[in-house]
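For reference, the chains in residue letters:
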Amino acid sequence: MGSQARHEQGFHTDQDNGVILTNYDHLPNRSNIDEYFKKFTQKINHYLSLSGFPECTGGIMAKESKWRKSLSEWKREIQTWKDELDAQEIQNFTMFFDFRPIYGDFSLAEEIRDFLTNKAKKSKTLQQLLMKDALRFKIPAHPLGIMNLKQKNKKINVKKTGLTQIIYSTRINAIKYGIIEVSTVKRLNELRKIQAMHPRDVENAKTALHYLHYFRLQQNLNQLENNQDVSNEINVYELSKEDRIKLKEALQVAHRMQQVTKISFNRNRVV
């Protein structure tokens, strides 16, 4: 789930995974099945951790019963999210919404994807909550919209300041129009196809996304080479003048996307 599912994973990452099981509540040995998959997923998460993917501090892992459910249980969970989603559960929903199957009977995942997309598309209240969440992280800007990169520590967290605004805004539009693609680039392409976004805006968003990913990965490679902890923060003044211009342009695109989301939220506010 999350960035791994969107093919947008950086070096600074942890585990976000789950399991969809075919319905088995009617079987006489259901308790044995429960125990089997409990141990099975514990081993998966353990060995992923040994392979360099730290366990999720928020517990978003298949070994947790919340993220290991049957087809019917997942549908009930999605319905609960739709009807009772609050600020605490919003992260869980967005994490799950960006899921991609990697092994097993993919028809289970496809059925959940169709169910999830249909429910989310019809829920205006859910979309409003997602918009509120998308506005949490703001990009530093002057009143005229010019990016302010002269911060005291000269560092920018490109995940919270740039990537998040593009990814969240694109996801909200994908939900609104019932798009089933998971990666941000593919979602943008679909939004262009249905004319929900102008082709120029789509290309700008994709270019900004690629630049921000590039800057983050380049920073992570430098940190690894110097035996430093990897992070999402980059020092603006360690970039070349050309790259600083590219970064500024990427942040301007992200800022505009967030502003459009904010305008849409205010115009369609649910009372």
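Data block above holds the structure.
Let me sum up the structure you'll find in this document. Since the model is a prediction, treat every value here as computed from it, not as a measurement.

## Structural notes on the overall build of the protein chain
Across its full length, the protein chain holds nine helices and four strands. From first element to last, N terminus to C terminus, the protein chain shows the α and β order β-α-β-α-α-α-α-β-α-α-α-β-α. Compactness check: the protein chain gives a C-alpha radius of gyration of 20 Å against a globular reference of 18 Å for 271 residues, within 12% of the reference. Seen through its C-alpha atoms, the protein chain measures out along the principal axes to roughly 65 × 50 × 30 Å. Here the protein chain holds 271 residues, and the buried ones make up 42% of them. Contacts spanning at least 24 positions in sequence make up 68% of the contacts within the protein chain whose residues lie at least 6 apart. Side-chain charges of the protein chain comprise 44 positive and 31 negative groups, with the mean position of each set lying 7 Å from the other.

## Section: a nonpolar patch on the surface
A cluster of nonpolar side chains, contributed by Phe-11, Leu-217, Leu-221 and Leu-224, occupies part of the molecular surface with about 340 Å² of accessible area. Within the secondary structure, Leu-221 is located in helix 8 (residues 199-225). Residue classification places Leu-221 among the partly exposed residues on the basis of a relative accessible area of 43%.

## Concerning the packing of aromatic side chains
By convention here, two paired aromatic rings are described through the distance between centres and the angle between planes. Across all of its chains, the model carries twelve aromatic pairs by this definition. Summarising the aromatic geometry, the rings of Trp-81 and Phe-96 are spaced 5.6 Å apart at their centres and angled 50° between planes, so their arrangement reads as tilted. Placement of the pair is Trp-81 in helix 2 (residues 71-84) and Phe-96 in helix 3 (residues 90-97), with a sequence separation of 15 residues. Looking at Trp-81, the relative accessible area reads 2%, which means it is buried. Exposure remark for Phe-96: the relative accessible area of 3% places this residue in the buried category. Grouped by ring-pair contacts, the aromatic residues Trp-67, Trp-74, Trp-81, Phe-93, Phe-96, Phe-97 and Phe-99 constitute a single cluster. Looking at Arg-113, its charged tip hangs above the ring of Phe-97, at a distance of 5.3 Å from the centre. Stacked on the ring of Tyr-168, the Lys or Arg Arg-171 has its end atom at 4.8 Å from the ring centre.

## Overview of the nonpolar core
Ranked by size, the top nonpolar core spans 54 residues in total, and within it Trp-81, Phe-93, Phe-96, Leu-212 and Leu-247 carry the most contacts. Listing elements by their share of this core, those giving two or more residues are helix 2, helix 3, helix 4 (106-122), helix 5 (124-134), helix 6 (159-176), helix 7 (184-193), helix 8 and helix 9 (241-267). Take this core: its biggest share by element is seven residues, from helix 6. Counting residues in hydrophobic clusters, the runner-up holds five residues, among them Val-19, Leu-21, Ile-33 and Ala-62.

## Looking at helix 6
An α-helical turn contains 3.6 residues, so a residue and the one three or four places further along point in the same direction. Between its terminal C-alpha atoms helix 6 stretches 24 Å, which fits the 26 Å expected from 18 residues at 1.5 Å a residue. At Gln-165, helix 6 shows its largest bend, some 25°. Here helix 6 lies mainly inside the structure; 14 of its 18 residues are buried. Immediately beyond the C-terminal end of helix 6, within one or two residues, lies Gly-178, with a positive phi of roughly 70°.

The rules behind each value
- Residues numbered from 1 in each chain as written.
- Predicted model: local features only at pLDDT ≥ 70, side-chain atom pairs only at ≥ 80, totals over all residues.
- Heavy atoms only, no water.
- Helix = DSSP H or I, 4+ residues; strand = E, 2+ residues; numbered from the N terminus.
- Rg over C-alpha atoms; globule rule 2.2 N^0.38 Å.
- Buried < 20%, exposed > 50% of the residue type's maximum accessible area, 1.4 Å probe, protein only.
- Contact = heavy atoms within 4.5 Å.
- Lys, Arg positive; Asp, Glu negative; His and termini not counted.
- Charge placed at Lys NZ, Arg CZ, Asp CG, Glu CD.
- Patch = residues over 30% accessible without salt bridge, like charges linked within 9 Å, V, L, I, M, F, W, Y side chains within 5 Å.
- Areas by Shrake-Rupley, 256 points an atom, 1.4 Å probe, with all protein chains shown as cover.
- Salt bridge = Lys/Arg side-chain N within 4 Å of Asp/Glu carboxyl O.
- Phe/Tyr/Trp six-rings, centres within 6.5 Å; stacked < 30°, edge-to-face > 60°.
- Lys NZ or Arg CZ within 6 Å of the ring centre and 35° of its normal.
- Core = buried A, V, L, I, M, F, W, Y, C linked by side-chain atoms within 4.5 Å.
- Expected span 1.5 Å × (residues − 1).
- Bend = angle between axes of the 7 residues up to and from the residue.

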